[in-house]
Amino acid sequence: MRFKIINEISQKQANYIKHQGEQHFQFWAKFAKDDEKNYHPLIWHMLDSAAVAKTLWEDLLSTAFKQSLSDKFKFPIDELGKLLAFWISLHDIGKASPEFQKKNTFLKNILEANGFDFPKLNTKVEGFHGTGTALILRRIFPHEMPGAPPKFLFDLASTLGGHHGEFPSDNLLTKYDSEKFHMGGSAWQAIQDTIFFE
């Protein structure tokens, strides 16, 4: 299974290498502490996560378990596996925000030169990039899944935002919903949309 995951990730990344000059590749998910230029693009990290989720769905979960989920969601098993892999890939979309991206000074300077603002804060931000994930997905999901119950969409956004085990509360999300340090302004929201649809 290890080689299947590596192969899946490699195939996805090969498709993106030719587009590496595009703006959304300037957003990082991880970087070497001793070299900020040595970073793993956020879009690749999200693809890595989707590939692992897809492989786990295909190779580890029992057919009975997948069928029970398929029945509940009213989706064919294969389609549900793809949907879950996509949702799981979104867990770190909150990293496409000023609060997270400011941690790499080298890339922050590039982003600022390209029109991305980094609001100054006088107080410590509660939560972390998971809060950003929940806020971004609460903004995008209702437009992309208009027939789904709003509570389900908000709960899904909060679940993905809580991927480190710290689930952002509704009070926290309401408090930060219009703040720019988690969501960013229009340039940030445009790139979040691009990454979501990529």
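Use the structure listed above.
Residues numbered from 1 in each chain as written. Predicted model: local features only at pLDDT ≥ 70, side-chain atom pairs only at ≥ 80, totals over all residues. Heavy atoms only, no water.

## Let's talk about the packing of aromatic side chains
Here is the rule we go by: The aromatic pairing rule takes the rings of Phe, Tyr and Trp, using the six-membered ring of Trp, and pairs them if the centres are within 6.5 Å, calling planes under 30 degrees apart stacked, those over 60 edge-to-face and the rest tilted. Helix and strand assignments follow DSSP, with helices taken as H or I runs no shorter than four residues and strands as E runs no shorter than two, numbered in order from the N terminus. The classification of residues rests on relative accessible area computed with a 1.4 Å probe and restricted to protein chains. Under 20% of the type maximum is buried, over 50% is exposed, and intermediate values are partly exposed. Sitting over a ring, as applied to charges here, requires NZ of Lys or CZ of Arg to be within 6 Å of the ring centre and within 35 degrees of the ring normal.
Under the defined criterion, the tally for this structure stands at 13 aromatic pairs. Ring centres of Phe27 and Phe116 lie 5.3 Å apart, and the angle between their planes is 85°; this geometry places the pair in the edge-to-face category. Placement of the pair is Phe27 in the loop between helix H1 (2–17) and strand E1 (28–32) and Phe116 in the loop between helix H6 (105–113) and helix H7 (129–144), with a sequence separation of 89 residues. As far as the burial class goes, Phe27 and Phe116 line up, both buried. Their ring planes at 80° and their centres at 4.7 Å tell us that Trp28 and Phe31 sit as a pair that is edge-to-face. Look at Trp28 and you get buried, because its relative accessible area is 4%. An aromatic cluster is built from Phe27, Phe116, Phe118 and Trp188, whose rings are joined through pairwise contacts. If you follow Lys33 out to its NZ or CZ, it ends over the ring of Phe31, 4.9 Å from the centre. Between Lys108 and the ring centre of Phe118, over which it is positioned, the NZ or CZ distance is 5.2 Å.

## Examining the environment of His24
Basically, it comes down to this: Whether two residues are in contact is decided by their heavy atoms: any pair within 4.5 Å suffices.
Relative to the assigned elements, His24 resides in the loop between H1 and E1. Distance in space between the C-alpha atoms of His24 and Thr194 is 7.6 Å, their sequence separation being 170 residues. Apart from the residues lying within four places of it in its own chain, the contact partners of His24 are Ile43, Ile191, Thr194, Ile195 and Glu198.

## Examining the pairing of E1
We count it as follows: Strands were regarded as paired on the criterion that DSSP finds at least two bridges between them.
Burial of E1 is extensive: four of the five residues sit out of reach of the surface. Taken together, the four bridges between E1 and strand E2 (residues 35–41) define a ladder with antiparallel strand orientation. Bridging from a neighbouring strand, Lys30 pairs with His40 of E2. Linking E1 to E2, which pair antiparallel, is a turn of two residues.

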